[in-house]
Amino acid sequence: LVFAGEVCPFLEQLARATLGQRILLMGGDCTEAFKEFDVNHVRDAFHIILQMALVRTFGSTMSVVKVYHMARQLTKSGSKPDE
């Protein structure tokens, strides 16, 4: 979730990443059903992304822009008419 006040700073960070001034770290999850998606899964995935960003920041001395797609399979249309 992104709040309205976070959009402009986020876009600025993405622009800096395209210029090589930031590192873009993207993670994702293709959960197929809500039953596979719970609070523990979200917490653990978020923890891993933060750990990866920390390692990248200290390893390169560049700031990291973090993007994580949660349950994106639930939001896209299926490949079959009845999905």
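A quick note: this is a predicted structure, and the numbers were derived from the prediction, not measured. (Residues numbered from 1 in each chain as written. Predicted model: local features only at pLDDT ≥ 70, side-chain atom pairs only at ≥ 80, totals over all residues. Heavy atoms only, no water.)

## A look at the pairing of strand 1 (residues 23-28)
- Of the two faces of strand 1, the one lined by I23, L25 and G27 is fully buried and the one lined by L24, M26 and G28 carries no buried residue.
- Across 6 bridges, strand 1 lies against strand 2 (residues 64-69) in parallel orientation. Paired with L24 across the two strands is V65, which belongs to strand 2. (Buried < 20%, exposed > 50% of the residue type's maximum accessible area, 1.4 Å probe, protein only. Helix = DSSP H or I, 4+ residues; strand = E, 2+ residues; numbered from the N terminus. Pairing = 2+ DSSP bridges.)

## Some words on the nonpolar core
- With 5 residues, the main nonpolar core is built from I23, L25, I49, A53 and V64.
- The set of elements that each furnish at least two residues to this core consists of strand 1 and helix 2 (39-60).
- I49 has contacts with L25, G27, K66 and Y68, leaving out every residue within four places of it along the chain. (Core = buried A, V, L, I, M, F, W, Y, C linked by side-chain atoms within 4.5 Å. Contact = heavy atoms within 4.5 Å.)

## Some words on the pattern of salt bridges
- Per the counting criterion, the structure on display carries 1 salt bridge.
- Where R43 meets D44, a salt bridge forms, and the shortest distance between an N and an O atom there is 3.0 Å.
- According to the relative accessible area criterion, D44 is partly exposed, its value standing at 38%. (Salt bridge = Lys/Arg side-chain N within 4 Å of Asp/Glu carboxyl O.)

## Comments concerning the environment of V64
- Structurally, V64 can be placed in strand 2.
- As for V64 and L24, which are separated by 40 residues in sequence, their C-alpha atoms are 5.9 Å apart.
- With residues up to four places along the chain from it excluded, the contact list for V64 reads I23, L25, A53, R56 and T57.

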